[in-house]
Amino acid sequence: MGKLRLLKTPLAAAAIFGLMAGTAAYAADTVGLITKTETNPFFVKMREGAQAKAKELGVNLITAAGKYDGDNDGQVAAIENLIAAGAKGFAIVPSDSKAIVPTIKKARDAGLKVIVLDTPLDPMDAADATFATDNRKAGMLIGEWASKTLGDKAKDASIVFLDLATNQPTVDYLRDQGFMQGFGIDVKDPNKYGDENDKRICTHEISQGDQEKGRTAMENALQKCPDVNVVYTINEPAAAGAWEALKSVGKDDGSVMIVSIDGGCPGVKNVKAGVIGATSQQYPLKMASMALEAIVSGKLPEIDPKVGFFDTGAQLITAKPVEGVPSISVEEGLKLCWG
């Protein structure tokens, strides 16, 4: 059985890859997992799933991550290290869906199997396969829930969007545009946001999926949108930051609805506490576990060509279900949560 190793930084990865590169038999049993960051609970759970599956399969797992969400250069370095090591393949959550594509091609040309997790490449078929939440569907679930919960008030909503990043990676625009479609907003280009002309959209702010930056983004939004009553957030840390900003100005009185996506344990607890009205839960451990299984076995699950990726599922969690929008209870969500 290969020894399980966990890399904490790209520099550490480079050092160990250098030691391994000369041992072909050892490297043949090596697989990789590259995430956007080390600390985000979503990626921590992915790593746990990969570690457990690697131990089960008897392969050596090497993990690496960018220094921050959006660190494409860090991910490029990690891939190049894997190529140099002669790894069998790797799973990756790309920080930049387009910029990483040439390096993904380089890896595949070198014989590595590449499976993308969570955030599809642009184009998606630049990888061998993609295992992900249907992020557009996840967004649609919270959009439909928000619209039906508001009822007639939805037509006069004032909506703030706390998005992910200025380069709009796939996970960013898919969730955002899914929410719009679910809420009943006319989407222009379905693969980007910011070109809509619906009067209900007050502003798009960038949160980087971070709680503190989410708070700052919401503070900025409040200057533009004092009458906000709906806040869409890219993820639950951003939602927690938005709540802090709203609370500081007395808008924690139920007058503002927050919806989000992820389904991590802190986020589900915030649904229970009434901070978040509803969230769409996804399953990162399942993504990573299935990816390692596919890389080691060389067998991919059947993928619907119309969708283009293997859907690992998403479920709406709310304490206030509405007719016509399928959901699970907070209690069920807590049993399935991560982080």
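Computed from a prediction, not measured in an experiment: that's the story for all the values here. Within each chain, residues carry numbers counting from 1 in the order of the written sequence. Where totals are concerned, whole chains, interfaces and linings use all residues; where local detail is concerned, this predicted model gives features only for residues with pLDDT of at least 70, and gives and counts side-chain atom pairs only at 80 or more. Side-chain metrics rest on all non-hydrogen atoms present in the structure, leaving aside hydrogens and water.

## Let's talk about the layout of surface pockets
Left-over empty space is what a probe sized like a water molecule reveals as it rolls over the atoms. For cavity detection a 1 Å grid was placed over the protein atoms alone, and a set of points counts as a cavity when a 1.4 Å probe fits there but cannot get out; an open set counts as a pocket when protein lies on both sides within 12 Å along at least five of seven lines, with lining residues being those that have an atom within 4 Å of a point. Grid points are joined across faces, edges and corners, and a volume is the space filled by probe spheres set on the points. Estimated volume of the largest pocket: approximately 470 Å³. Taken together, 24 residues make up the lining of the largest pocket; nearest its centre are Thr37, Asn40, Asp69, Gln208 and Gly209. Of the residues forming the lining of the largest pocket, the biggest block, three residues, is contributed by helix 3 (residues 41-57). Charged residues are taken to be Asp, Glu, Lys and Arg, nonpolar residues to be Ala, Val, Leu, Ile, Met, Phe, Trp, Tyr, Cys and Pro, and polar residues to be all remaining types, Gly included. Per-class residue counts for the lining of the largest pocket are eight nonpolar, seven polar and nine charged. Taken as a whole, the second largest pocket holds about 360 Å³ of empty space. Lining the second largest pocket are 19 residues, and of these Val256, Met257, Gly274, Gly277 and Lys320 lie nearest its centre. Helix numbers and strand numbers start at the N terminus; a helix is a DSSP run of H or I with at least 4 residues, a strand a run of E with at least 2. Looking at the lining of the second largest pocket element by element, the count peaks at three residues for helix 6 (residues 135-150).

## Things to note about unusual backbone geometry
In this structure, the amide linkage connecting Asp122 to the following residue, Pro123, adopts the cis form with an omega of 10°. With respect to the helices and strands, the residue Pro123 is situated in the loop between strand 4 (113-117) and strand 5 (129-132). The phi torsion at Gln208 lies on the positive side, around 55°, for a residue other than glycine. The topology assignment puts Gln208 in the loop between strand 7 (201-206) and helix 8 (211-224). Under the relative-accessibility criterion, Gln208 is labelled partly exposed at 41%. Positive phi outside glycine occurs at Asp262, with the angle close to 155°. For Asp262, the position within the fold is in strand 9 (residues 257-262). For Asp262, a relative accessible area of 6% gives the class buried. Under the scheme applied here, a residue whose accessible area is under 20% of the maximum for its type counts as buried, over 50% as exposed, and between as partly exposed, the area being computed with a 1.4 Å probe on protein chains only.

## A look at the side chain of Asp172
Position of Asp172 relative to the elements: it lies in helix 7 (residues 170-183). Among the polar contacts listed, one links the side chain of Asp172 to the backbone nitrogen of Ala165, at a separation of 3.1 Å. Any N or O atom pair separated by 3.5 Å or less is treated as a polar contact, with the protein-specific requirement of one donor-capable and one acceptor-capable atom, and with residues adjacent in sequence counted only for side-chain atom pairs.

## With respect to the state of the cysteines
Note that a disulfide, as used here, is simply two cysteine sulfur atoms within 2.5 Å. Going through the model one piece at a time under the given rule, you end up with two disulfides. Residue Cys202 pairs covalently with Cys225 via a disulfide, S to S 2.0 Å. Between Cys202 and Cys225 the sulfur-sulfur dihedral comes to about -100°; the bridge is accordingly left-handed. In this pair, Cys202 is assigned in strand 7 and Cys225 in the loop between helix 8 and strand 8 (230-233), connecting sequence segments 23 residues apart. With a relative accessible area of 30%, Cys202 lands in the partly exposed category. The class of Cys225 is buried, set by a relative accessible area of 2%. Residue Cys265 pairs covalently with Cys337 via a disulfide, S to S 2.0 Å. The sign of the S-S torsion, about 90°, decides the handedness of the disulfide formed by Cys265 and Cys337: right-handed.

## Some thoughts on the sheet that holds strand 3 (residues 89-92)
Two strands are counted as paired when DSSP detects at least two bridges linking them. In spatial order, the strands read 2-1-3-4-5-11; together these six strands make up an open sheet with parallel pairing. Looking at the sheet topology across the chains shown, the edges are occupied by strand 2 (60-65) and strand 11 (310-311). Contacts are assigned to residue pairs that have any heavy atoms within 4.5 Å of one another. Each axis is a line fitted through C-alpha atoms, and for a helix only the stretch in contact is used; angles between axes span 0 to 180 degrees, taken between their N-to-C directions. Helix 11 (residues 284-297) contacts strand 1 (30-35), strand 2, strand 3, strand 4, strand 5 and strand 11 of the sheet and is inclined by roughly 170° relative to strand 4.

## Looking at the confidence of the model for the chain
On a scale of 0 to 100, pLDDT captures the predictor's confidence in every residue. Residues with a pLDDT of 70 or more make up 91% of the chain, whose mean pLDDT is 91. Ignoring residues within four places in sequence, the model shows residues 1-28, a span with pLDDT below 50, making 53 contacts including any to other chains.

## Comments concerning the sheet that holds strand 7
Pairing within the open sheet is mixed, and its six strands lie in the order 7-6-8-9-10-12. Whereas interior strands pair on both sides, the edge strands pair on one side only; in this sheet they are strand 7 and strand 12 (315-318). Put simply, the sheet's adjacent strands are angled 15° from each other on average, direction ignored. With four bridges joining them, strand 6 (residues 159-163) and strand 8 adopt parallel strand pairing. Bridge pairing links Val160 to Val231 in strand 8. Across the face of the sheet, helix 6 comes into contact with strand 8, strand 9, strand 10 (278-281) and strand 12 while running at roughly 160° to strand 9. Sitting on the sheet, helix 9 (residues 236-248) touches strand 6, strand 8, strand 9 and strand 10, and the angle it makes with strand 9 is about 160°.

## Quick notes on the packing of aromatic side chains
Stacked, edge-to-face and tilted labels apply to pairs of Phe, Tyr and Trp rings (six-membered ring for Trp) whose centres lie within 6.5 Å, assigned for plane angles under 30 degrees, over 60, and everything in between, in that order. Scanning all chains against the criterion turns up seven aromatic pairs. Their ring planes at 80° and their centres at 5.5 Å tell us that Phe42 and Phe43 sit as a pair that is edge-to-face. Relative accessible area serves as the criterion here: at 4%, Phe43 is assigned to the buried category. Linked through ring pairs, Phe161, Phe179, Phe183 and Tyr232 together constitute an aromatic cluster.

## Remarks on the nonpolar core
For this analysis, a nonpolar core means a set of buried residues of the types Ala, Val, Leu, Ile, Met, Phe, Trp, Tyr and Cys, connected via side-chain atoms within 4.5 Å. If you look at the biggest cluster of nonpolar residues, it comprises 34 residues, and the most contacted ones within it are Trp145, Ile159, Phe179 and Phe183. Mapped by element, the contributors of at least two residues to this core are helix 6, strand 6, helix 7, strand 8 and strand 9. If near-sequence neighbours (up to four positions away) are discounted, Phe183 is found in contact with Gly143, Glu144, Ala146, Ser147, Leu150, Ala154, Ala157, Ile159 and Arg200. Counting 24 residues, the second largest nonpolar core, distinct from the first, contains Met218, Ile276, Ile328 and Val330.

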